[in-house]
Amino acid sequence: MLALSHLCLAAVPTIPIAPDVHMPLVGIGTWLYNSTVAQGAVSTALSLGYRHIDTALGYDNQVGVGKAIAAGISGLGIQRSDLFVVSKIPGGLSSADTASNLSLALEQLFPKDPSAYVDLMLVHFPATWSGVGGKALRQAEWVGLEAFAKAGKAKAIGISHYCKKHLDDVMEVATIKPAVNQVQYHVGMGTAGGNATDDLEYMRAKGVTFESFSPLCGPCDPPDNHELLNGSLVTSIGAKHNKSGAQVSLKWQVQQGIPVIPKSSNPMHIAENLDLFSWTLSDEEMKALTAATKPPVAGEPGPAGAPVSGDCDVE
């Protein structure tokens with residue numbers, strides 16, 4: 001295995017998601033990490049060149065993430081403007097609860113900073129994690145999110161786990177278009193279309209950036225949770241490029257312009273997950289990965305890993 005110092009990390013491309021807002025194609029994910037582990041993972045990622053950090057109020061780790069950001073700014077000489085920080089608030093909130101959750105998320109990440117902002121704030125789910133919500137609450141929450149953005153607290157706003165019908169509800173009242181829909185997507189889920197991909201083509205047609213969480217199928221049941229790390233398809237392709245199976249799985253997405261937020265607390269894996277831009281998959285390799293039928297879509301996880309109903313079953 002290569003030492004960290006021998007990894008050649010090319011600059012991470014960005015894509016526009018809103019006016020004057022550009023998202024790096026790779027970020028560090030923090031789902032299921034407590035504050036201590038998240039702080040360590042984000043600190044390592046920042047030292048290796050990551051600038052895109054993904055967390056959520058529901059992850060209960062934003063205090064640690066905030067400490068890592070502060071340490072990166074003070075110790076590594078990183079400017080706040082160099083970072084792309086993403087947070088999420090729960091779905092199914094009233095207007096008042098939306099405002100209080102947004103304030104709490106910002107305070108946890110940037111304590112006692114009156115000028116604090118996030119680069120992207122998402123509504124984490126189209127309802128509560130138990131499925132309680134509906135159109136009226138989705139619209140009220142979106143209006144609250146817009147007020148947050150217009151106050152300069154978020155450069156862009158968006159959604160997560162939303163399907164076509166959920167986006168349509170928001171678009172009825174939106175004066176700011178959702179910039180991003182963050183959903184589960186990975187090799188094995190095929191091409192766009194259907195509930196499994198949360199309406200990729202529809203989102204793109206509406207100008208909403210499709211972003212992948214769990215790009216290596218972390219929530220998949222064994223043995224599917226290792227298919228995109230050491231399965232025969234991804235490792236055979238990786239061998240041709242001197243890359244790991246995980247790198248091939250992630251490259252398949254970023255080569256399509258889909259941002260990914262893989263999670264790891266292992267420094268070598270964190271570095272490998274960023275090393276996606278000095279090489280290219282062939283058309284034949286891309287087609288083979290797109291045609292893969294495993295691993296299938298995993299059961300949708302809640303913040304603590306408890307399964308919830310499928311995204312598109314939510315009213």
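Residues numbered from 1 in each chain as written. Predicted model: local features only at pLDDT ≥ 70, side-chain atom pairs only at ≥ 80, totals over all residues. Heavy atoms only, no water.

*Asks:* Looking at this structure, I do not really get the packing of helix 1 (residues 35–48) against helix 2 (residues 62–75). What am I missing?
*Replies:* For the pair helix 1 and helix 2, interaxial distance at closest approach is 7 Å and the crossing angle is 30 degrees. Relative to helix 2, the element helix 1 is oriented roughly parallel. For helix 1 against helix 2, the interelement crossing comes out right-handed. Between helix 1 and helix 2, the residues in contact are Ser35, Ala38, Gln39, Val42, Ser43 and Leu46 and Gln62, Val63, Gly64, Val65, Lys67, Ala68, Ile69 and Gly72, respectively. A breakdown of the residues in the contact of helix 1 with helix 2 according to their chemical character gives 7 nonpolar, 6 polar and 1 charged. (Axes fitted to C-alpha atoms, helices over the stretch in contact; angles between N-to-C directions. Helix = DSSP H or I, 4+ residues; strand = E, 2+ residues; numbered from the N terminus. Parallel < 35°, antiparallel > 145°, perpendicular 65-115°, else oblique. Left-handed = near helix turned anticlockwise from the far one by under 90°. Contact = heavy atoms within 4.5 Å. Nonpolar A, V, L, I, M, F, W, Y, C, P; charged D, E, K, R; others polar.)

*Asks:* Would you take a moment to explain the sheet that holds strand 6 (residues 154–160) for this structure?
*Replies:* Strand pairing in a sheet relies on backbone hydrogen bonds, with the paired strands running either antiparallel or parallel. The strand order across the open sheet formed by 6 strands is 3-4-5-6-7-8, and the pairing between neighbours is parallel. Where the open sheet ends on each side, the last strands, each with one partner, are strand 3 (52–54) and strand 8 (209–213). Ignoring strand direction, the axes of neighbouring strands in this sheet form an average angle of 30 degrees. Along the sheet face, helix 3 (residues 95–109) touches strand 4 (84–89) and strand 5 (118–123) and points at about 145 degrees away from the line of strand 4. (Pairing = 2+ DSSP bridges.)

*Asks:* Help me understand the nonpolar core, please; the structure alone is not making it clear to me.
*Replies:* The nonpolar side chains of a soluble globular protein tend to be buried with one another. Judged by nonpolar contacts, the single largest core of 81 residues is most densely connected at Ile17, Phe110, Val118, Leu120, Met121, Leu281 and Leu289. Counting residues per element, this core draws most heavily on helix 1, which supplies 6 residues. When near neighbours in sequence (up to four residues on either side) are disregarded, Met121 contacts Ser87, Lys88, Ile89, Leu102, Ala105, Leu145, Phe148, Ala154, Ala156, Ile157 and Gly158. (Core = buried A, V, L, I, M, F, W, Y, C linked by side-chain atoms within 4.5 Å. Buried < 20%, exposed > 50% of the residue type's maximum accessible area, 1.4 Å probe, protein only.)

*Asks:* Hey, could you run me through the packing of helix 8 (residues 232–241) against helix 9 (residues 245–254) in this one?
*Replies:* When two helices pack together, their arrangement is captured by the angle between the axes and the distance separating the axes. For the pair helix 8 and helix 9, interaxial distance at closest approach is 7 Å and the crossing angle is 95 degrees. Judged on the interaxial angle alone, helix 9 and helix 8 are roughly perpendicular. From helix 8, Val234, Thr235, Ile237 and Gly238 reach across to helix 9, where they touch Gly245, Val248 and Ser249. Here the residues of the contact of helix 8 with helix 9 are counted per class, giving 3 nonpolar, 4 polar and no charged.

By themselves, these are just geometric observations and shouldn't be taken as functional.
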